[in-house]
Amino acid sequence: GQYRIAFKSAPVTKYKDDQFTILYMKNSNFKANYQTRKSKAQKIKLKTTKTNIYTPTEKASRWYRVYRKTANYKRYVKMSVKNNSGKMKFSIYKKGRTKAVKTYTLSGNTSKTYRLKNGKGTYYVKVSKSGSKMNGQYSIQYK
């Protein structure tokens, strides 16, 4: 489709001729790769990142899983958002439990890191949006 971008920049100095604006656009294809059921959660391997977007028309939660092979090393799940509007909720579950181990609500351009402290096994990360107008990008990193 066609899009129109409009922006207005304030003068940096008292001389209006001294200001300039640079706009850079990149056209690239993006394939959404996520699952909406816990039983089919998208696997995130160690030292990798999964990135996806949420649009205002989408409603379903997304599920991801990480597997902690041993409890000898510290492992972390880093959740980041770049939202245009609204908030995004991240809930971390341990396999076999119905109550979330930890829940974060992120907005704007922020990130949170959670240390997996409940031993080895599978952990699930549920990503959901709060509010119907919410849109933005999120990423989950397992390190």
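Refer to the structure presented above.
Every value quoted in this text rests on a predicted model; they were computed, and no experiment measured them. (Residues numbered from 1 in each chain as written. Predicted model: local features only at pLDDT ≥ 70, side-chain atom pairs only at ≥ 80, totals over all residues. Heavy atoms only, no water.)

Colleague: Can you help me understand the overall build of the protein chain in this one?
Modeller: Within the protein chain, the regular secondary structure consists of zero helices and six strands. For the protein chain, the sequential pattern of α-helices and β-strands runs β-β-β-β-β-β. A principal-axis box enclosing the C-alpha atoms of the protein chain has dimensions of 65 × 30 × 25 Å. The burial tally for the protein chain puts 29% of its 143 residues in the buried class. Restricting to contacts in the protein chain with at least 6 residues of sequence separation, those with at least 24 account for 70%. Total accessible area on the protein chain stands at roughly 10,600 Å², and carbon and sulfur atoms take up 46% of it. (Helix = DSSP H or I, 4+ residues; strand = E, 2+ residues; numbered from the N terminus. Buried < 20%, exposed > 50% of the residue type's maximum accessible area, 1.4 Å probe, protein only. Contact = heavy atoms within 4.5 Å. Areas by Shrake-Rupley, 256 points an atom, 1.4 Å probe, with all protein chains shown as cover.)

Colleague: Whenever I open this one, the packing of aromatic side chains confuses me. Can you help?
Modeller: How two aromatic rings sit relative to each other is given by the distance of their centres and the angle of their planes. For the structure on display, the rule yields five aromatic pairs. Both rings, one in Trp63 and one in Tyr93, keep their centres 5.6 Å apart while their planes meet at 40°; by these two values the pair is tilted. Taken together, the residues span a long stretch of sequence, with Trp63 in strand β3 (residues 62–68) and Tyr93 in strand β4 (residues 76–94) at a distance of 30 residues. Here Trp63 and Tyr93 have matching classes, each one buried. (Phe/Tyr/Trp six-rings, centres within 6.5 Å; stacked < 30°, edge-to-face > 60°.)

Colleague: Help me understand the side chain of Gln42 in this model?
Modeller: Following the sequence through the fold, Gln42 ends up in strand β1 (residues 42–43). If we ignore the near neighbours within four places in the chain, the residues touching Gln42 are Asn33, Tyr34, Gln35, Lys50, Trp63, Tyr64 and Arg65.

Colleague: What exactly am I supposed to notice about unusual backbone geometry here?
Modeller: Both trends apply: most residues other than glycine have a negative phi, and most peptide bonds are in trans. Unlike most non-glycine residues, Lys47 shows phi in positive territory, near 65°. Tracing the backbone through its elements, the reader meets Lys47 in the loop between β1 and β2 (48–54). Residue classification places Lys47 among the exposed positions, given a relative accessible area of 69%.

Colleague: Would you mind going over the pattern of salt bridges with me for this structure?
Modeller: Oppositely charged side chains can pair when the atoms bearing their charge come close. Applying the stated criterion to the full structure yields one salt bridge. Measuring nitrogen to oxygen at the nearest pair gives 2.7 Å for the salt bridge that ties Glu58 to Arg62. The exposure class assigned to Arg62 is buried, which follows from its relative accessible area of 1%. (Salt bridge = Lys/Arg side-chain N within 4 Å of Asp/Glu carboxyl O.)

Colleague: Explain the environment of Gly86 to me, please; I cannot follow it from the model alone.
Modeller: Residue position: Gly86 is located in strand β4. Counting along the chain gives 21 residues from Gly86 to Ser107, while the straight-line C-alpha distance between them is 6.4 Å. Setting aside its immediate chain neighbours within four residues, Gly86 contacts Ser107 and Met134.

Colleague: What is the right way to read a positive patch on the surface from this model?
Modeller: Together, Lys74, Lys102, Lys112, Arg115 and Lys117 make up a positively charged patch on the protein surface. Relative to the assigned elements, Lys112 resides in strand β5 (residues 102–115). (Patch = residues over 30% accessible without salt bridge, like charges linked within 9 Å, V, L, I, M, F, W, Y side chains within 5 Å. Lys, Arg positive; Asp, Glu negative; His and termini not counted. Charge placed at Lys NZ, Arg CZ, Asp CG, Glu CD.)

Colleague: Explain the environment of Ser39 to me, please; I cannot follow it from the model alone.
Modeller: Looking at where Ser39 falls in the secondary structure, it is placed in the segment before β1. C-alpha of Ser39 to C-alpha of Lys94: the two residues are 55 residues apart in sequence and 13 Å apart in space.

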